[in-house]
Amino acid sequence: MLDFLFKNYFLITHILEATTAVIGLLCLKKFKDTAVVFFIKILVFLFFVDFFGSYTLYLDNFEFFKPIKGTKFAYNTWWFTLFFDVFAVSFLTFFYIKLFKDILLKKVIKITLLSFWIYCFAKVIFDFDSLFYTSDPVIYIFGAILIIGCTSIYFIQLLQNENLLKFSTSPYFYISISLFLWWLIVTPLVFYDKYYILEDKSFINLKRSIYVFSNLFMYTTFAIGLLVSRSELLK
């Protein structure tokens, strides 16, 4: 089974993302005028980011990709750093800003997000070439802090809410628990990326297995949450 997962890692991930995005689009009417609509748009965005980011797998298969072979664009690290580590994290942070009601809390999150953008902008301006070959651990960890921080705040507020016992019918609970556990599990991998080499098959397989099972859990939980949640609770 593990061998199958390793060989079909990208296909499995794309299917998971596409299925969850489609389920989300089918549930748009159900969640009309709630922050969940914005989250569904993020799911669609994530699918396209991952789909187009896989262009490196087809450099030898399509003629129009051949001009970038042998160039720094033959690596897709820059793509996922910008569109996942920066944009996706920013969109998810905005999702929680929409969700939270406390004005001071919103300001703190916005200031933290602004600090994140300033660092990312400086990285692109002064050291963009490095993004083609390796992930920036500061960007990744900063993003993880934003997401884990926002989800943790949500859980704290949930514990203080009178509707705590109805958490199983809230889409925000499913979204938050999925994001919290996903980032908590995969973030430590960034510390080992500097040791990554193509010849180290054991590390590659370990990394892929962690990602594929984490993705399976996260997107499955997203889908279940969108399907079982009760729209009347979304106010």
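Please refer to the structure higher up on the page.
Calculation criteria
- Residues numbered from 1 in each chain as written.
- Predicted model: local features only at pLDDT ≥ 70, side-chain atom pairs only at ≥ 80, totals over all residues.
- Heavy atoms only, no water.
- Helix = DSSP H or I, 4+ residues; strand = E, 2+ residues; numbered from the N terminus.
- Rg over C-alpha atoms; globule rule 2.2 N^0.38 Å.
- Buried < 20%, exposed > 50% of the residue type's maximum accessible area, 1.4 Å probe, protein only.
- Areas by Shrake-Rupley, 256 points an atom, 1.4 Å probe, with all protein chains shown as cover.
- Lys, Arg positive; Asp, Glu negative; His and termini not counted.
- Charge placed at Lys NZ, Arg CZ, Asp CG, Glu CD.
- Patch = residues over 30% accessible without salt bridge, like charges linked within 9 Å, V, L, I, M, F, W, Y side chains within 5 Å.
- Salt bridge = Lys/Arg side-chain N within 4 Å of Asp/Glu carboxyl O.
- Contact = heavy atoms within 4.5 Å.
- Phe/Tyr/Trp six-rings, centres within 6.5 Å; stacked < 30°, edge-to-face > 60°.
- Polar contact = N/O pair within 3.5 Å; in protein donor to acceptor, adjacent residues only side chain to side chain.
- Axes fitted to C-alpha atoms, helices over the stretch in contact; angles between N-to-C directions.
- Parallel < 35°, antiparallel > 145°, perpendicular 65-115°, else oblique.
- Left-handed = near helix turned anticlockwise from the far one by under 90°.

**Q** In this structure, what is going on with the overall build of the protein? I would like to understand it.
**A** Helix and strand counts for the protein come out as eight helices and zero strands. From first element to last, N terminus to C terminus, the protein shows the α and β order α-α-α-α-α-α-α-α. At 19 Å, the protein has a C-alpha radius of gyration in line with the 18 Å of a compact globule built from 235 residues. If one aligns the C-alpha atoms of the protein with their principal axes, the spans along those axes are about 55 × 40 × 35 Å. Classification of the 235 residues of the protein by burial places 46% in the buried group. Surface summary for the protein: the accessible area is close to 13,300 Å², and the carbon and sulfur share equals 70%. Charge-centre separation for the protein: the mean point of 21 positive side chains lies 10 Å from the mean point of 16 negative side chains.

**Q** Can you help me understand a nonpolar patch on the surface in this one?
**A** Residues Phe-10, Leu-57, Tyr-58, Phe-62 and Phe-64 make up a contiguous nonpolar surface patch of about 490 Å² in total accessible area. Position of Tyr-58 among the secondary structure elements: in the loop between helix H3 (35–53) and helix H4 (77–99).

**Q** Can you help me understand the environment of Tyr-133 in this one?
**A** As for its position among the elements, Tyr-133 is in the loop between helix H5 (103–127) and helix H6 (137–159). Given a relative accessible area of 51%, Tyr-133 falls into the exposed group. A C-alpha to C-alpha distance of 24 Å links Tyr-133 and Leu-146, two positions 13 residues apart in sequence. Residue contacts for Tyr-133: discarding those within four places in its chain leaves Lys-72, Tyr-75 and Thr-77.

**Q** Teacher, can you tell me more about the packing of aromatic side chains here?
**A** Any two aromatic rings considered together are summarised by their centre-to-centre distance and by the angle between their planes. Within this structure, the stated rule accounts for 30 aromatic pairs. Taking 5.9 Å as the distance between ring centres and 90° as the angle between the ring planes, the aromatic pair formed by Phe-155 and Phe-180 counts as edge-to-face. Note that Phe-155 is positioned in helix H6 and Phe-180 in helix H7 (residues 171–186), a separation of 25 residues in sequence. Each member of the aromatic cluster is reached from another via a ring pair, and the members are Phe-45, Phe-73, Trp-78, Trp-79, Phe-83, Phe-87, Phe-91, Phe-128 and Phe-132.

**Q** What's the story with the side chain of Thr-34 in this structure? I'm lost.
**A** Structurally, the position occupied by Thr-34 is in the loop between helix H2 (9–26) and H3. Assessed through its relative accessible area of 15%, Thr-34 is described here as buried. Side-chain polar atoms of Thr-34 contact the backbone oxygen of Phe-31, separated by 2.6 Å.

**Q** Quick question: what am I supposed to make of the packing of H2 against H3 here?
**A** Between two packed helices, what matters for the description is the angle formed by their axes and the separation of those axes. Remark: H2 packs on H3, axes separated minimally by 9 Å, with the N-to-C direction vectors making an angle of 155°. For the element pair H2 / H3, the angle class is roughly antiparallel. Crossing handedness for the pair H2 and H3: left-handed. Along its contact with H2, which presents Thr-13, His-14, Glu-17, Ala-18, Thr-20, Ala-21, Gly-24 and Leu-25, the element H3 presents Ile-40, Leu-43, Val-44, Leu-46, Phe-47, Asp-50 and Phe-51.

**Q** Looking at this structure, I do not really get the pattern of salt bridges. What am I missing?
**A** When charged atoms on two side chains of opposite charge get close, those side chains can pair. The final tally for this structure, using the stated rule, is three salt bridges. The residue Lys-123 makes a salt bridge to Asp-127 at a minimum N-O spacing of 2.9 Å. Of this pair, Lys-123 and Asp-127 both sit in helix H5, four residues apart, which is roughly one turn of that helix. Between Asp-136 and Lys-123 there is a salt bridge whose closest N-O contact spans 2.9 Å. With Asp-136 in the loop between H5 and H6 and Lys-123 in helix H5, this pair connects stretches of sequence that are 13 residues apart. The two residues Asp-136 and Lys-123 agree in class, both being buried. Salt bridges sharing partners connect three or more residues here, namely Lys-123, Asp-127 and Asp-136.

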